[in-house]
Amino acid sequence: MFSQNAPKREGGGFGDASAAPEVVRRSRYPTRLSVYADPPDLEVSIEEFEAFALDRLQVLRSIEDAQLRAKGEEDIRKRVNEALEKHLPLHTNRSKLPPRQLVAERRKDHVSHFILRLAFSRTEELRGWFLRYECALLKHRFKEADIAEKQELLAAAKLKLEHLSPAARETRLGNASLFYPPQEQLFEVDFERVLDLVSHLQVVLQGGRAFVPQSEVATLLLHEFRQRLTRALAVCAKALPQMGEDERLLPVLQNLSSQTARSEYQSTGAAGAVSADNVDALSSGFPLCMQHLHTQLLKDHHLRHGGRMQFGLFLKGIGLGLQEALVYWRRAFGNMTDDQFQKGYAYNIRHNYGMEGKRADYTPYSCHRIIMSNPPGPGDHHGCPFRHFSTDRLRAALHRDRLTDAEVREIAELAGAGHYQVACTRHLEVKMQHRKAQQQQTSDTETHISSIASPNQFFDLCIGDCKSNGSKQSHDRDVQPVAPTAAASLPPAGLQKGPAYSYS
Amino acid sequence: MTREETAMELDDDETAELSPMTLGVYYRRLFPHNAYYKWLNYNAPATSTEFTHREFSFTINDGIYLRYQSFKDMGEFQRELTRLSPSKIDIGAIFTAVPKHAKSLQPGVFRPVAKELVFDIDMTDYDEVRTCCQGGSICSKCWRLMVIAMHVLDRALREDFGFSQIMWVYSGRRGVHCWVCDERARQLDDAARKAVAGYLSIVRGGAEQGKKVNLSQRYSHHPHIARSIEIIEEYFEDVLLVDQEILLTRERWMKVLAALPDEELRKTLDAQWSRRPDRSSVEKWSEMVDIVEKRASKRGAKFALATFERDMMLQYAYPRLDENVTTHLNHLLKSPFCIHPKTGRVCTPIAHSQFDSFDPFAVPTLSQLLKEISGGNGDPAADKSQEQSQEQSQRSAKSFSSLVGYVDIFETFVASLSPSSNTHTSQSLEF
Ligand code: SF4
Ligand SMILES: [Zn+2]
């Protein structure tokens, strides 16, 4: 468990495992909780493989959902417990369940973790998502566990801890020792290992070392788990290409990781048609100005006022209702505390929906307004790329939208000559042609549409076209997000998304 | 003194002086290239990836941003700086590859890996505290809030986190930046930066929240809190009570009383002060402290009363950080020795020994510097004739302009930096 000079554990040595029926104790799974140190023997049928993994995925998604929508800690706890009970129950050794069932539950927990590890190692975004919610799951389970189980888990994690003797406590800490309860055991670690505690001022720091009370050792456990899982995911990512040889496995894995993408878009405009979850999936149909704001928001977890107005009202226009808008922006502004968000931004969002202030129902901005008024200043991302970007940046943005060199040149020329909306219209036409070509329809007929007057019109035409033009399947493929929505709050790895600036 | 007399509006008084031409002169003759290069190269014997893989961003002419600028050595940096004459330089992270090639690299291959741990304290975040100025302006009275902030943070970074290579920089207008350059600090990931920022942010809550510091009694034993209070106590009466008069008018004292968690005491004090509004803030403060202490010692009193004085001192004087700047590895911050685009002042380092004596109004502006080096007429055209002996003129310009003291501070700091343990010279990693 701890290093040599660590104190002896309370209780009778074997913790909860001693309460286990003989069969369970002798099995691979004597304890209920695991830090997944060793892989399972993968003697799993393909059906089991998929079913296990889907169940675990349900749990991780419920955690994400609960964190976004639940009202307070207790509600989160309840929701997560419900999901676990339904999809991934794990009973204690003290429960009177048949031993075989206990072992089966634990095996499922073990195996499903490793399958998802593999499935989610594919991209950095997926890895980040998986890591975040596996850590949340372990944290939850640790909190819910009894003392014996906690100790077993700590023992299994083999944490290296330096224990502070009472004498050292006096000399090292002096008065600061009074910050902790007098009898509490303290451990000394680098502050980087207990960031949660550092961040909430729950530990005394000295020269970069943190003094961690016994009651907070879970933070160390989680840190260790996160580190190890991060490394394990990186190893998996390298191993994944070799998995391609097994044709049965790969599609299952791919399907699993794309499961984080949410329900599809239904209709344009009607409030409530779009949920917070599918904004990202729909972004391929955004005009350039909105693509830019969306990308910046993902990257910086923030947008300045002009950007929030332009993008927020656009989202409202495509059918993101008030409640969903609050969820979406809360998640997008992932770096801020709930308090900051409620105080600084929620009002504004409700205001846009006519729920505060003058109670005017604001409508999305037109291109004219975006182009003519309130030009973006340094650090602002609103405005119209055809009007407000340098030629180089405009070209780069169009290239990113997978336009050919000739198309980019043509559009950049239109923009350069001051025909911003014509350029934007041309951009849409080109996008639509590309899509037809992809669906092997005749692409030699030029697509002509009426001139774009608002970002919402662009979106409606773009999405409408994609709906009418293809079978449902091709629609699905198109709406398939580049980045899974689940990862919306993670920093995407793209280069084009510049970091935030600071001014003073 | 009235507000009009003390406040000094720093906005827009210099903007006209910033042109590519005047900036060109500045970068050619005054900018401390050498020390600057040594700083970001971390005193490595040859040019290292710390320098070559560092992102700079230049703002040129009409607010055009040039992102992902990078330079292969000091010569190129110096040439480009003079050629582009940016009105603003931002320093970003060190990346896995040369930032200039960012566009041609696969996403994921090009990632930020290190950067100084930085802090940004802006006087506008003190608008609910200070009464002398608001918004963009500062005066010598409210500047002392920055002095407190520097003392508090500097000691926490040294004593609690064990950092030692810390540079403070005047932002050129109404705030300060802090660059923690220790290798351990440079290696921190976003989560760790967020935690450090969280640890150092004590004052929380928006404008409509009365009490913004909520720490239980045991925090009086936490070294960071105990030490911060000790520092603040030295200044509190002078800065907050005498200079800022935070209890002078009813409007002001109601803000303080709003944080008092006892309805009855609030009413008593309000009535008492309304009867004698002419009493000074010092007197009112001590009355308040007395009455709160008395109540706190009674049985059944709210815990929050016992810590009220401590918490209010923190609320009014503890540093207010812009956490966003600190938490992201990939966040750019204005560079030292830039010219502030609004005030024309140079962003100069502040020595540790001079937190209290540093005077933001004594910091030279670009136009002042140009006058000094051109012998008083400030005509940048005159500089042209000297071009042949550029190096000579550069040396002499640096040594007699009023920038020299600040450059000294910077050079001393840079000389104290230890080279990175895992420094790669650019040859060994270039591909
Ligand atoms: S023309 Fe209109 S829709 Fe197109 S990018 Fe500009 S503002 Fe957006
Ligand atoms: Zn002032």
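Residues numbered from 1 in each chain as written. Chains lettered and ligands numbered in written order. Predicted model: local features only at pLDDT ≥ 70, side-chain atom pairs only at ≥ 80, totals over all residues. Heavy atoms only, no water.

Caption draft 1: Representation of the overall build of chain A. Along chain A, the regular secondary structure elements total 22 helices and 4 strands. For chain A, the proportion of its 504 residues judged to be buried stands at 52%. Taking the contacts inside chain A whose residues are at least 6 apart along the sequence as the reference set, 69% of them involve residues at least 24 apart. Of the roughly 23,300 Å² that chain A leaves accessible, carbon and sulfur atoms contribute 51%. (Helix = DSSP H or I, 4+ residues; strand = E, 2+ residues; numbered from the N terminus. Buried < 20%, exposed > 50% of the residue type's maximum accessible area, 1.4 Å probe, protein only. Contact = heavy atoms within 4.5 Å. Areas by Shrake-Rupley, 256 points an atom, 1.4 Å probe, with all protein chains shown as cover.)

Caption draft 2: How the structure looks around the coordination of the zinc ion (ligand 2). Residue and element names in this part refer to chain B. Protein coordination at the zinc ion (ligand 2) comes from Cys132 (SG), Cys133 (SG), Cys139 (SG) and Cys142 (SG), with a distance range of 2.2 to 2.3 Å. Positions of the donor residues of the zinc ion (ligand 2) along the chain correspond to the pattern C-C-x5-C-x2-C. Residue class for Cys132 comes out buried when judged on its relative accessible area of 6%. (Donors = N, O, S within 2.8 Å, 3.2 Å for Na, K, Ca; no water.)

Caption draft 3: Quick look at the confidence of the model for chain A. All names here are of chain A. Mean pLDDT for chain A: 78, with 79% of residues reaching 70 or above. Counted against residues more than four places away or in other chains, residues 1-15, with its pLDDT under 50, gives 16 contacts. Low pLDDT (under 50) marks residues 470-504, which in the prediction has 110 contacts with non-local residues, meaning those over four places away or in another chain. (pLDDT = per-residue confidence, 0-100.)

Caption draft 4: Representation of the site of ligand 1 within the structure. Residues and elements named next belong to chain A. All residues in the neighbourhood of ligand 1 are listed as Pro287, Cys289, Cys367, Ile370, Cys384, Pro385, Phe386, Gln421, Cys424 and Pro455. In this structure, ligand 1 is accommodated by the second largest cavity. The set of elements that each furnish at least two residues to the shell around ligand 1 consists of helix H16 (367-372), helix H17 (385-388) and helix H20 (420-438). Taken together, the residues of the shell around ligand 1 sort by class into 9 nonpolar, 1 polar and no charged. (Near = heavy atom within 4 Å. 1 Å grid on protein atoms, 1.4 Å probe; cavity = no way out; pocket = protein on both sides within 12 Å on 5 of 7 lines; lining within 4 Å. Sits in = over half its atoms within 2 Å of the grid points. Nonpolar A, V, L, I, M, F, W, Y, C, P; charged D, E, K, R; others polar.)

Caption draft 5: A negative patch on the surface, seen in detail. Residue and element names in this part refer to chain B. On the surface, a cluster of negative charge is made up of Glu230, Glu233, Glu234 and Asp356. Along the chain, Glu230 turns up in helix H9 (residues 223-243). The exposure class assigned to Glu230 is partly exposed, which follows from its relative accessible area of 48%. (Patch = residues over 30% accessible without salt bridge, like charges linked within 9 Å, V, L, I, M, F, W, Y side chains within 5 Å. Salt bridge = Lys/Arg side-chain N within 4 Å of Asp/Glu carboxyl O. Lys, Arg positive; Asp, Glu negative; His and termini not counted. Charge placed at Lys NZ, Arg CZ, Asp CG, Glu CD.)

Caption draft 6: How the structure looks around the interface of chain A and chain B. With 40 residues of chain A at the contact, the number on the chain B side is 53 residues. The tally of links from chain A across to chain B stands at 2 salt bridges. In this structure, Arg184 of chain B engages Asp190 of chain A in a salt bridge whose closest nitrogen and oxygen atoms are separated by 3.8 Å. At the surface where chain A touches chain B, the tally comes to 9 residue pairs in polar contact (both at pLDDT 80 or more). Secondary-structure elements contributing two or more residues to the side of chain A that touches chain B are helix H8 (195-199), strand E3 (204-206), helix H12 (288-300) and helix H15 (338-352) of chain A. (Polar contact = N/O pair within 3.5 Å; in protein donor to acceptor, adjacent residues only side chain to side chain.)

Caption draft 7: Inspection of the sheet that holds strand E5 (residues 117-122) of chain B at higher detail. All names here are of chain B. Pairing in this open sheet of 4 strands is antiparallel, and the strands run E5-E7-E6-E9 from one edge to the other. Among the strands making up the open sheet, the edge pair consists of E5 and strand E9 (349-350). Across 6 bridges, E5 lies against strand E7 (residues 175-180) in antiparallel orientation. By the bridge assignment, Asp122 is partnered in E7 with Gly175. (Pairing = 2+ DSSP bridges.)

Caption draft 8: The arrangement of the UniProt feature "binding site: [4Fe-4S] cluster" (unreviewed entry) in chain A in detail. All names here are of chain A. When the UniProt feature table is mapped onto this chain numbering, "binding site: [4Fe-4S] cluster" (unreviewed entry) sits at Cys289, Cys367, Cys384 and Cys424. In sequence the annotated residues extend across 136 residues, while in space they remain close, none of their C-alpha pairs exceeding 9.8 Å. Considering only the residues just annotated, the second largest cavity is lined by Cys289, Cys367, Cys384 and Cys424. Within the secondary structure, Cys289 is located in helix H12. Judged by its relative accessible area of 9%, Cys289 falls in the buried class. (UniProt positions renumbered as here; feature names shortened; annotations may be inferred.)

Caption draft 9: Fine view of the packing of helix H5 (residues 124-144) of chain A against helix H6 (residues 147-157) of chain A. All names here are of chain A. Contact geometry for H5 and H6: axes closest at 8 Å, N-to-C directions at 140°. Taken as axis vectors, H5 and H6 run oblique relative to one another. Between H5 and H6, the contacting residues are Leu138, Phe142 and Lys143 on the first element and Lys150, Leu153 and Leu154 on the second. Taken together, the residues of the contact of H5 with H6 break down into 4 nonpolar, no polar and 2 charged. (Axes fitted to C-alpha atoms, helices over the stretch in contact; angles between N-to-C directions. Parallel < 35°, antiparallel > 145°, perpendicular 65-115°, else oblique.)

Caption draft 10: Local environment of empty space enclosed by the protein. All names here are of chain A. According to the stated counting rule, one finds 6 cavities of 30 Å³ or more in the structure shown. Its boundaries defined by the atoms lining it, the largest cavity holds a volume of some 120 Å³. Around the largest cavity sit His305, Arg308, Met309, Gly312, Ala325, Trp329, Phe333, Tyr345, Asn348, Ile349, Asn352 and Tyr353, which together line it. Elements represented by at least two residues in the lining of the largest cavity include exactly helix H13 (305-318), helix H14 (322-332) and H15. Its volume calculated, the second largest cavity comes out at about 90 Å³. Forming the walls of the second largest cavity are 13 residues, and the residues nearest its centre are Cys289, Cys367, Cys384, Phe386 and Cys424. Tallied by class, residues from the lining of the second largest cavity come to 12 nonpolar, 1 polar and no charged. (Points joined across faces, edges and corners; volume = space filled by probe spheres on them.)

Caption draft 11: Layout of H13 of chain A. All names here are of chain A. Taking 1.5 Å as the rise per residue, H13 with 14 residues should run 20 Å; its terminal C-alpha atoms sit 20 Å apart, in good agreement. Summarising burial for H13: 12 of the 14 residues are buried, a large majority. Every buried residue belonging to H13 is among Gly306, Gly307, Arg308, Met309, Gln310, Phe311, Gly312, Leu313, Phe314, Leu315, Lys316 and Ile318, and all of these are buried. One or two residues past the end of H13 sits Gly319, with phi positive at roughly 115°. (Expected span 1.5 Å × (residues − 1).)

Caption draft 12: Representation of the environment of Glu287 of chain B within the structure. All names here are of chain B. Topologically, Glu287 is positioned in helix H12 (residues 281-297). As a C-alpha pair, Glu287 and Leu269 span 18 residues in sequence and 8.3 Å in three-dimensional space. Polar contacts involving the side chain of Glu287 include one to the side chain of Trp273, which spans 2.8 Å.

Caption draft 13: Structural detail: the nonpolar core. In terms of nonpolar packing, the biggest core is built from 198 residues, with Tyr26, Trp39 and Leu200 of chain B touching the most fellow members. Residue contributions to this core peak at 12 residues, all from helix H6 (residues 140-160) of chain B. Two domains each put at least three residues into this core: domain 1 (2-156 + 223-261) and domain 2 (158-217) of chain A. Residue contacts for Leu200 of chain B: discarding those within four places in its chain leaves Phe119, Leu153, Ala156, Leu157, Phe161, His224, Tyr318 and Leu321 of chain B. Within the second largest apolar cluster, 57 residues are counted, among which are Met309, Leu322, Phe386 and Val408 of chain A. (Core = buried A, V, L, I, M, F, W, Y, C linked by side-chain atoms within 4.5 Å. Domains from an automatic or database assignment.)

Caption draft 14: Seen up close, the packing of H12 of chain B against helix H14 (residues 308-317) of chain B. Residues and elements named next belong to chain B. Across the interface, H12 lies against H14 with an axial gap of 10 Å and an inter-helix angle of 140°. In this structure, H12 contributes Trp285, Met288, Val289, Val292 and Glu293 to the contact, and H14 contributes Phe308, Glu309, Met312 and Met313. Its residues placed into classes, the contact of H12 with H14 shows 7 nonpolar, no polar and 2 charged.

Caption draft 15: Here's a closer look at unusual backbone geometry. All names here are of chain B. A positive phi angle, near 40°, is found at Ser85, a position not held by glycine. Summarising the element assignment, Ser85 is placed in the loop between helix H5 (74-84) and strand E3 (88-95). Positive phi is not limited to glycine here, since Phe337 has a value of about 65°. Checked against the element boundaries, Phe337 lands in the loop between strand E8 (333-334) and E9.

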